Amino acid sequence: MTQAHNRARNRSEETFMTTPARPVTVDFHFDVLCPWAYQTSRWMREVRDQLDLTVNWRFFSLEEVNRVEGKRHPWERQWSYGWSILRVGALLGRLDPKHLDDWYAVTGRALHVDGMKIHEPNVARLLVEQIGLDPGLVDEAISDDSTNEEVKADHDKVIAAGGFGVPTLFFPGGHDEPEQTIFGPVLIDPPTGEAALRLWDSVCGWLEFPHLYELQRPKTNEDERLIGRTFKPYMEARDWVSINRGKVVAMEEDGFRVKGDAKDAGKLKS
């Protein structure tokens, strides 16, 4: 190997080993009902706890983005499964961002690990009480229309950025650089320790390439079965169907099943 080749190789290795600049803040948009966002939030907390990173929990509604034309918007209902729960989060976040942080951790675990029906008002009150707050805050959030406005503003921000689901991350811009938006990472086995930081650096590395849009691993049948087992508590607790790209999808222990069109969701069993 020539000296020129050695120098080129050394420069390549130095570049590869360089850690991208780590942001000090990130907005994490979630829907409490989303099992994918919950898994990613566990990783996000792991990263935050190791770094000087501020995570701002913000909202997005899968209920609204998957709404079938002709059906009422979730904010037009007295109580709406996912939307109303997010309104509770909005009120808690105003009182203290730590309340929102604690609430998402407890409520997310209740649904996605323990299989509790968090979308029922009495369960929602119980979970608020579990973080040491007045369960009456649930009813206060629903009676305060400004919580509708806050959730809708967060939701609309994701849509305006071209987003379509969660987890969606917003990274602040710098100087003349605009804010950047990334969907993901989407995973079911959130890494911890140094591995969590390596994934964070990989995600932050995308910020150098604003026109890099997609890098995706296909899901095998075994992947689908693993996802089905991981999401089993959520699947058993829900009283709704899952919609993906206009189709009702069942995530079962032996894989995914397309069960019909979203417009027929009311006629289909989950």
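For the structure, see preceding data.
An account of the accompanying structure is given in this report. (Residues numbered from 1 in each chain as written. Predicted model: local features only at pLDDT ≥ 70, side-chain atom pairs only at ≥ 80, totals over all residues. Heavy atoms only, no water.)

This part covers the overall build of the protein chain. In terms of regular secondary structure, the protein chain is built from 11 helices and seven strands. Going through the 270 residues of the protein chain one by one, you find that 41% of them count as buried. Taking the contacts inside the protein chain whose residues are at least 6 apart along the sequence as the reference set, 66% of them involve residues at least 24 apart. Only carbon and sulfur atoms are counted for the fraction: they give 50% of the accessible area of the protein chain, which is about 15,000 Å². (Helix = DSSP H or I, 4+ residues; strand = E, 2+ residues; numbered from the N terminus. Buried < 20%, exposed > 50% of the residue type's maximum accessible area, 1.4 Å probe, protein only. Contact = heavy atoms within 4.5 Å. Areas by Shrake-Rupley, 256 points an atom, 1.4 Å probe, with all protein chains shown as cover.)

As a further point, take the nonpolar core. Where a protein is soluble and globular, its nonpolar side chains tend to be buried together. By size, the foremost hydrophobic cluster in this structure holds 59 residues, and its most contacted members are Phe30, Met44, Trp103, Phe171 and Trp200. The dominant element in this core, judged by the number of residues it contributes, is helix H4 (residues 81-95), at seven residues. Ignoring anything within four residues of it in the chain, the contact list for Trp103 reads Phe30, Val32, Ile85, Val88, Gly89, Leu92, Gly108, Val128 and Ile131. (Core = buried A, V, L, I, M, F, W, Y, C linked by side-chain atoms within 4.5 Å.)

So, about the pattern of salt bridges. Two side chains with opposite charge may pair up if their charged atoms get near one another. Enumeration over the complete set of coordinates arrives at 18 salt bridges. Between Arg125 and Asp139 there is a salt bridge; the shortest N-O distance is 2.9 Å. Here Arg125, found in helix H6 (residues 121-130), pairs with Asp139, found in helix H7 (residues 137-143); they are 14 residues apart in sequence, far enough to count as distant. Residue class for Arg125 comes out partly exposed when judged on its relative accessible area of 23%. The partner of Asp156 in a salt bridge is Lys152, with the nearest N and O atoms 2.9 Å apart. A residue pair is termed a helical-turn pair when its members lie 3 or 4 positions apart in one helix, as Asp156 and Lys152 do in helix H8 (residues 145-160) at four residues. (Salt bridge = Lys/Arg side-chain N within 4 Å of Asp/Glu carboxyl O.)

This part takes up H4. Taking 1.5 Å per residue, 15 residues should reach 21 Å; H4 reaches 23 Å between its end C-alpha atoms and fits that length. Of all 15 residues in H4, 11 are buried, a share of seventy percent or more. Taken together, the buried positions of H4 are occupied by Gly82, Trp83, Ser84, Ile85, Leu86, Arg87, Val88, Gly89, Ala90, Leu91 and Leu92. (Expected span 1.5 Å × (residues − 1).)

Attention now moves to H6. Buried within H6 are the following residues: Val123, Ala124, Leu127 and Val128. The buried side chains of H6 occupy one side of the element, clustering within an arc of 140° when seen end-on. Where H6 terminates, the next one or two residues include Gly132, which has phi positive at roughly 85°. (Arc of directions from axis to C-beta.)

With that settled, the discussion passes to the side chain of Glu64. Relative to the helices and strands, Glu64 resides in helix H3 (residues 62-65). Not counting residues up to four positions away in its chain, the partners in contact with Glu64 are His73, Pro74, Trp75, Trp83 and His155.

Turning our eyes to something else, we now look at the sheet that holds strand S4 (residues 180-183). Judged by pairing direction, the sheet is mixed, and its four strands sit side by side in the order S2-S1-S3-S4 without closing on themselves. Whereas interior strands pair on both sides, the edge strands pair on one side only; in this sheet they are strand S2 (54-59) and S4. Strand-to-strand, the axes of this sheet are offset by a mean angle of 25°, without reference to chain direction. Relative to S4, strand S3 (residues 168-171) runs antiparallel, the two being bridged by four bridges. Directly across from Phe170, in S4, lies its bridge partner Thr181. Sheet contacts for helix H9 (residues 193-205): strand S1 (25-30), S3 and S4; angle to S3, the most-contacted strand, approximately 65°. (Pairing = 2+ DSSP bridges. Axes fitted to C-alpha atoms, helices over the stretch in contact; angles between N-to-C directions.)

With that settled, the discussion passes to the environment of Asn148. Following the sequence through the fold, Asn148 ends up in helix H8. In this structure Asn148 comes out as buried when scored by relative accessible area, which is 8%. Each C-alpha atom of the pair Asn148 and Trp75 lies 6.5 Å from the other, and the pair is 73 residues apart in sequence. Setting aside chain neighbours within four positions, we find Asn148 in contact with Trp75, Trp83 and Arg87. Within polar-contact distance, the side chain of Asn148 engages the side chain of Arg87 at 3.4 Å. (Polar contact = N/O pair within 3.5 Å; in protein donor to acceptor, adjacent residues only side chain to side chain.)

This part covers the pairing of S1. Here S1 lies mainly inside the structure; five of its six residues are buried. Alignment of S1 against S2, held across six bridges, turns out to be parallel. Of the residues in S2, the one forming a bridge with Asp27 is Asn56. Traced from S1 through helix H2 (residues 35-50) to S2, the parallel crossover comes out right-handed. Pairing of S1 with S3, which is carried by three bridges, proceeds in the antiparallel orientation. (Right-handed = clockwise from strand over helix to strand, strands pointing away.)

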